[in-house]
Amino acid sequence: MCVLKRSFYTVLLILPFVFSLAGAIRSSVILHILSFALLIAAVKLIPAFRYHENIWMFIMTAYSTVPLNLSLIFIGVSYIFSSSDNGMIRLSADIFSYFLLISSEEMIMAGITRRIAPKQKVMTVG
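Residues numbered from 1 in each chain as written. Predicted model: local features only at pLDDT ≥ 70, side-chain atom pairs only at ≥ 80, totals over all residues. Heavy atoms only, no water.

Engineer: Quick question: what am I supposed to make of the nonpolar core here?
Structural biologist: Side chains of a nonpolar character, in soluble globular proteins, are inclined to be buried together. Judged by nonpolar contacts, Leu12, Leu38, Leu39, Ala42, Val43, Ile46, Phe49, Met57, Met60 and Met109 together constitute the single largest core of 10 residues. Within the residue set of this core, elements represented by two or more residues are helix H2 (29-45) and helix H3 (53-64). Per-element tally for this core: the top contributor is H2, with 4 residues. Met109 has contacts with Phe36, Leu39, Ile40, Met57 and Thr61, leaving out every residue within four places of it along the chain. (Core = buried A, V, L, I, M, F, W, Y, C linked by side-chain atoms within 4.5 Å. Buried < 20%, exposed > 50% of the residue type's maximum accessible area, 1.4 Å probe, protein only. Helix = DSSP H or I, 4+ residues; strand = E, 2+ residues; numbered from the N terminus. Contact = heavy atoms within 4.5 Å.)

Here's what the structure looks like:
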């Protein structure tokens, strides 16, 4: 039974990324929404994350939203800078857009995490 639980938690860690990747490949909004729902479920259900949900949500959001962010950047920046011949401007816009998206997603997910798990242990560095 313990092995079954451990493999369930492992699958729960990987599923948000898989759904986000599938959503980016198929351009499906529903799969992206499912990815965020699975992200919240994973952080809430895995016992090792208890009382440290905020930091784990931060970590899991960082890796599981990469496909969504890249697809949004390629669609949005390509549309905005389609007439630009300068590759450096386009690369700078891509990088800026990526960091803008990831930081806004991190803030939104942190707010959701504080609502679903208000009790957090104080973390210290060092």
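Engineer: What's the story with the environment of Lys121 in this structure? I'm lost.
Structural biologist: Note that Lys121 resides in the segment after helix H5 (87-116). For Lys121, a relative accessible area of 51% corresponds to the exposed category. Linking Lys121 and His52, residues 69 residues apart in sequence, is a C-alpha distance of 6.4 Å. Residues within four places of Lys121 in sequence aside, it is in contact with Tyr51 and His52.

Engineer: Just checking my understanding: could you explain the packing of aromatic side chains for this structure?
Structural biologist: Geometry of an aromatic ring pair is reported as the spacing of the ring centres plus the angle between the planes. Per the stated rule, a full pass over the model turns up 3 aromatic pairs. For the ring pair Phe49 and Trp56, a centre distance of 4.4 Å and an interplane angle of 10 degrees mean the geometry is stacked. A ring pair is formed by Tyr98 and Phe99, whose centres lie 6.0 Å apart and whose planes are at 70 degrees; its orientation type is edge-to-face. (Phe/Tyr/Trp six-rings, centres within 6.5 Å; stacked < 30°, edge-to-face > 60°.)

Engineer: I'm lost on a nonpolar patch on the surface in this one. Help?
Structural biologist: On the surface, a nonpolar cluster with roughly 530 Å² of combined accessible area is contributed by Ile55, Trp56, Phe58, Ile59, Tyr63 and Met123. When you line up the elements, Phe58 lands in helix H3. Using a relative accessible area of 46% as the deciding quantity, one classes Phe58 as partly exposed. (Patch = residues over 30% accessible without salt bridge, like charges linked within 9 Å, V, L, I, M, F, W, Y side chains within 5 Å. Areas by Shrake-Rupley, 256 points an atom, 1.4 Å probe, with all protein chains shown as cover. Salt bridge = Lys/Arg side-chain N within 4 Å of Asp/Glu carboxyl O.)

Engineer: Where do I start with the packing of H2 against H5 in this structure?
Structural biologist: What describes two packed helices is the angle between their axes and the distance between those same axes. Relative to each other, H2 and H5 sit at 45 degrees, their axes nearing to 11 Å. Classified by the interaxial angle, the pair formed by H2 and H5 is oblique. As for the relative orientation of H2 and H5, their crossing is right-handed in sense. Taken together, the residues of H5 that come into contact with H2 (itself represented by Phe36, Leu39, Ile40 and Lys44) are Glu105, Met109, Ile112 and Ile116. (Axes fitted to C-alpha atoms, helices over the stretch in contact; angles between N-to-C directions. Parallel < 35°, antiparallel > 145°, perpendicular 65-115°, else oblique. Left-handed = near helix turned anticlockwise from the far one by under 90°.)

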